[in-house]
Amino acid sequence: MPQPLIIAIPKGRILDEAVPLLRRAGIEPEAAFSDENSRALRFATNQPGIDLIRVRAFDVATFVAHGAAQLGIVGSDVLAEFDYSELYAPVDLGIGHCRISVAEPAALAAHDDPRGWSHVRIATKYPHVTAAHFEARGVQAECVKLNGAMELAPLLGLAPRIVDLVSSGRTLKENGLVEVEVIAEVTSRLIVNRAAFKTRAEIVPLVEAFRRAVSSPLPLAGGAGGGPVTMESAT
Ligand SMILES: Nc1ncnc2c1ncn2[C@@H]1O[C@H](COP(=O)(O)OP(=O)(O)OP(=O)(O)O)[C@@H](O)[C@H]1O
Ligand SMILES: O=P(O)(O)OC[C@H]1O[C@H](OP(=O)(O)OP(=O)(O)O)[C@H](O)[C@@H]1O
């Protein structure tokens, strides 16, 4: 009996959108998976051949790239920051919509001209994405790495600008910042470890089940062809 496939799921805000998608792909996690009070990190599912782990968003990519998990769900922001060659991202899951943007205080933006920048100091959780974005147009970016609450940096003089995720824009607004450039649109992707994809035959139908789950807004009926994957049908 092969080891169960492990799918890494981020425990932050993507979790709520990921659970219905997992269900539509035929994967029903045990009850503790959606229980915020549970301290467990690895969970069984209705499929004996599939387990889930709940980890931090950035760590999903690390677990899957190193083969500790075979599949995962992760934002394209994280993929862009790490650029792991061991990862294959076959399905855009259409969840976790946001964008990665440059923002600065409204007062600075009022007289700022991004075309005149030659050097910028930026507080961000995404130093590689930030450096690559500015380098592409000949601007040197000096990054101060933060793991959250980037919006505080301009207010407290840590860096005049930030690069962070923006969705409704509420966080920027409530901290007196405005978006001045969009670097990239972000959605969550299904990722697969490339070596596992070649050696574990059951991954192909699982990827197809996710593809169908994205294109079908309703729970998929069981049965051959359009139904959710089972480990029996997958092998
Ligand atoms: N405001 C948002 N709207 C939509 N999607 C978002 C938003 N913020 C983050 N995301 C997506 O959700 C992923 C996880 O973000 P989240 O904010 O849950 O992580 P986090 O809590 O900062 O991570 P951690 O605490 O684990 O370091 C991001 O990588 C991104 O793809
Ligand atoms: O445009 P909005 O809809 O306000 O969303 C943007 C906020 O969402 C994310 O933070 P999150 O709430 O996940 O907190 P964290 O990054 O500090 O963990 C992001 O880092 C922004 O702060």
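Residues numbered from 1 in each chain as written. Chains lettered and ligands numbered in written order. Predicted model: local features only at pLDDT ≥ 70, side-chain atom pairs only at ≥ 80, totals over all residues.

- If you look the protein up in an unreviewed UniProt entry, it shows as ATP phosphoribosyltransferase from Sphingomonas hylomeconis.
- Entered under Subunit (unreviewed entry) in the UniProt record, the comment concerning the protein runs "Heteromultimer composed of HisG and HisZ subunits."
- Regarding the protein, the UniProt comment filed under Sequence similarities (unreviewed entry) reads as follows: "Belongs to the ATP phosphoribosyltransferase family. Short subfamily." (UniProt positions renumbered as here; feature names shortened; annotations may be inferred.)

## A word on the site of ligand 2
- Close to ligand 2 lie Gly-12, Arg-13, Gly-148, Ala-149, Asp-164, Leu-165, Val-166, Ser-167, Ser-168, Gly-169, Arg-170 and Thr-171, which account for all nearby residues.
- Mapped onto the shell around ligand 2, the elements with two or more residues apiece are strand 9 (161–166) and helix 7 (170–174).
- It is strand 9 that contributes the most residues to the shell around ligand 2, three residues altogether.
- Classifying every residue of the shell around ligand 2 gives three nonpolar, six polar and three charged. (Near = placed C-beta within 6 Å. Helix = DSSP H or I, 4+ residues; strand = E, 2+ residues; numbered from the N terminus. Nonpolar A, V, L, I, M, F, W, Y, C, P; charged D, E, K, R; others polar.)

## Quick notes on the nonpolar core
- If you look at the biggest cluster of nonpolar residues, it comprises 37 residues, and the most contacted ones within it are Ile-7, Ala-8, Val-60 and Leu-71.
- Counting only elements with at least two residues in this core, the list comes to strand 1 (5–10), helix 1 (14–24), strand 3 (50–55), helix 2 (57–65), strand 4 (71–75), strand 5 (87–92), strand 11 (188–193) and helix 9 (203–215).
- In contact with Ala-8, other than residues within four places in its own chain, are Ile-53, Val-55, Val-60, Phe-63, Val-64, Ala-69 and Gly-72.
- Core analysis: the next-biggest nonpolar cluster, separate from the first, contains 18 residues, Ile-100, Ala-123, Cys-143 and Ala-159 among them. (Core = buried A, V, L, I, M, F, W, Y, C linked by C-beta atoms within 7 Å. Buried ≥ 20, exposed ≤ 12 C-beta atoms within 10 Å, placed from the backbone. Contact = placed C-beta atoms within 7 Å.)

## Points about the sheet that holds strand 10 (residues 177–186)
- Strand order in the open sheet formed by five strands is 8-7-9-6-10, and the pairing between neighbours is mixed. What marks the edges here is a single partner per strand, and that holds for strand 8 (140–145) and strand 10. Ignoring strand direction, the axes of neighbouring strands in this sheet form an average angle of 30°.
- Alignment of strand 6 (residues 98–105) against strand 9, held across five bridges, turns out to be antiparallel. Within strand 9, the residue paired with Ala-103 across the bridge is Ile-162.
- Set on the sheet, helix 5 (residues 127–135) makes contact with strand 6, strand 7 (119–124), strand 8, strand 9 and strand 10; between it and strand 8 the angle comes to about 165°. (Pairing = 2+ DSSP bridges. Axes fitted to C-alpha atoms, helices over the stretch in contact; angles between N-to-C directions.)

## A few points about the environment of Ala-196
- Along the chain, the position of Ala-196 falls in helix 8 (residues 194–199).
- Using a count of 19 C-beta atoms within 10 Å as the deciding quantity, one classes Ala-196 as partly exposed.
- Along the sequence, Ala-196 and Gln-70 sit 126 residues apart, while their C-alpha atoms lie 6.1 Å from each other.
- Look past the residues within four positions of Ala-196 in its chain and what remains in contact with it is Gly-67, Gln-70 and Ile-203.

## A word on the domain arrangement of the protein
- Here the domain parsing of the protein yields domain 1 (5–96 + 188–234) and domain 2 (98–186).
- Using only C-alpha atoms to locate each centre, domain 1 and domain 2 end up separated by 31 Å.
- Taken together, the contact between domain 1 and domain 2 spans six residues of the former and eight residues of the latter.
- Residue composition of the side of domain 1 that touches domain 2, by class: one nonpolar, three polar and two charged. (Domains from an automatic or database assignment.)

## Let's talk about the sheet that holds strand 4
- A sheet is described by the order of its strands in space; here six strands give the open sequence 2-3-1-4-11-5, paired in mixed fashion. Edge positions in the open sheet fall to strand 2 (42–44) and strand 5, since each of these has one partner strand only. Taking the axes of each pair of neighbouring strands and ignoring which way they run, one obtains an average angle of 30° across the sheet.
- Of the pairings in the sheet, the one linking strand 2 to strand 3 comprises three bridges and is antiparallel in character.

## Comments concerning the UniProt feature "domain: ATP phosphoribosyltransferase catalytic" (unreviewed entry) in the protein
- In this structure's numbering, the residues bearing the UniProt feature "domain: ATP phosphoribosyltransferase catalytic" (unreviewed entry) are residues 56–210.
- Within residues 56–210, the helical portion is 34% and the strand portion 34%, while the C-alpha atoms at the span's ends are 21 Å from each other.

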